[in-house]
Amino acid sequence: MAYTKEPRVDEYIDALPDWQRGVCREVRDLIHAAAPEIIETIKYRGRPYFVLDGNVAALMGTKDHVNVFLYDPTVSDPEGIITHGHGNATGRQIAIYQGNALNTRAFETLIEEIVANNRAGGWRRRSRPDS
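Keep in mind the model is a prediction, meaning the values are calculated, not measured. (Residues numbered from 1 in each chain as written. Predicted model: local features only at pLDDT ≥ 70, side-chain atom pairs only at ≥ 80, totals over all residues. Heavy atoms only, no water.)

Student: Account for the overall build of the chain, with residues named and values stated.
Tutor: When helices and strands are counted, the chain shows four helices and five strands. Tracing the chain from N to C terminus, the helices and strands come up as α-α-β-β-β-β-β-α-α. What you see for the chain is a C-alpha radius of gyration of 14 Å, in line with the 14 Å of a compact globule of 131 residues. Along the first, second and third principal axes, the C-alpha atoms of the chain reach 45 × 30 × 30 Å. Per-residue burial over the chain gives 47% buried out of 131 residues. For the chain, the share of sequence-separated contacts (at least 6 apart) that also reach a separation of at least 24 residues comes to 53%. With an accessible surface of roughly 6,900 Å², the chain has 49% of that area assigned to carbon and sulfur atoms. (Helix = DSSP H or I, 4+ residues; strand = E, 2+ residues; numbered from the N terminus. Rg over C-alpha atoms; globule rule 2.2 N^0.38 Å. Buried < 20%, exposed > 50% of the residue type's maximum accessible area, 1.4 Å probe, protein only. Contact = heavy atoms within 4.5 Å. Areas by Shrake-Rupley, 256 points an atom, 1.4 Å probe, with all protein chains shown as cover.)

Written out as structure tokens, the structure is:
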């Protein structure tokens, strides 16, 4: 899939251990497949962010897994791929450990829903009772 890559995101991913590089590259490709208009950038502490009418997702390599942050606490998760943050006010996470496969279809659906919510004014606006 062809999309505009932010060189600083490449630098971030390239500095990770081999298995995390593979996970991050897969997640990056899936994000762009779900919404080709998404823009890559680096924010807060050098972390890769994917934005379109607001934050959509971010990546963070940790000691033993890759965190994928999803910036919409209202996004549905019928297949149960979200692993952390179910009660968080601003977003949730998917922790991907070495050897664990990501449900790619369910992940793309989550990204598509977050983008649709952002385009409709964002989850904060949609969550207000007067919306």
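Resuming the write-up.
Student: Residues and numbers for the packing of helix α1 (residues 7-14) against helix α2 (residues 18-34), please.
Tutor: Two numbers describe how α1 lies on α2: the axes approach to 9 Å, and their chain directions differ by 150 degrees. Judged by residue contacts, V9, D10, I13 and D14 of α1 engage R21, C24, R25 and R28 from α2. Across the contact of α1 with α2, the residue classes break down as three nonpolar, no polar and five charged. (Axes fitted to C-alpha atoms, helices over the stretch in contact; angles between N-to-C directions. Nonpolar A, V, L, I, M, F, W, Y, C, P; charged D, E, K, R; others polar.)

Student: Outline the packing of aromatic side chains, supporting the account with residue identities and numerical values.
Tutor: Scanning all chains against the criterion turns up two aromatic pairs. Consider the rings of Y44 and Y49, whose centres lie 5.5 Å apart with planes at 75 degrees: the pair is edge-to-face. The class of Y44 is exposed, set by a relative accessible area of 54%. According to the relative accessible area criterion, Y49 is buried, its value standing at 3%. Between Y49 and Y71, the aromatic rings sit 5.6 Å apart at their centres with planes inclined by 25 degrees, giving stacked as the arrangement. With a gap of 22 residues between them, Y49 in strand β2 (residues 47-51) and Y71 in the loop between β4 (65-70) and β5 (92-97) connect regions that are remote in the sequence. One aromatic cluster is present, formed by Y44, Y49 and Y71 through successive ring pairs. (Phe/Tyr/Trp six-rings, centres within 6.5 Å; stacked < 30°, edge-to-face > 60°.)

Student: An account of the nonpolar core is requested, with residue identities and associated values reported.
Tutor: Formed by 33 residues in total, the largest nonpolar core has its most connected members in V27, I38, V68, L70, I94, F107 and I111. Secondary structure elements with two or more residues in this core: α1, α2, β3 (55-61), β4, β5 and α3 (104-119). In this structure L70 touches V56, A57, I82, T90, G91, R92, I94, F107, L110, I111 and I114, once residues within four positions along its chain are discounted. Core analysis: the next-biggest nonpolar cluster, separate from the first, contains five residues, Y49, V51, A58 and Y71 among them. (Core = buried A, V, L, I, M, F, W, Y, C linked by side-chain atoms within 4.5 Å.)

Student: Any details on the side chain of D77? Residues and values, ideally.
Tutor: As for its placement among the helices and strands, D77 is situated in the loop between β4 and β5. Buried charge without a salt bridge: D77, with R92 as the nearest opposite-charge side chain at an N-O distance of 5.3 Å. Engagement of the side chain of D77 in a polar contact is seen with the backbone nitrogen of I82, the distance being 2.9 Å. Beyond its immediate stretch of four places on either side in the chain, D77 contacts I82, H86 and L110. (Lys, Arg positive; Asp, Glu negative; His and termini not counted. Salt bridge = Lys/Arg side-chain N within 4 Å of Asp/Glu carboxyl O. Polar contact = N/O pair within 3.5 Å; in protein donor to acceptor, adjacent residues only side chain to side chain.)

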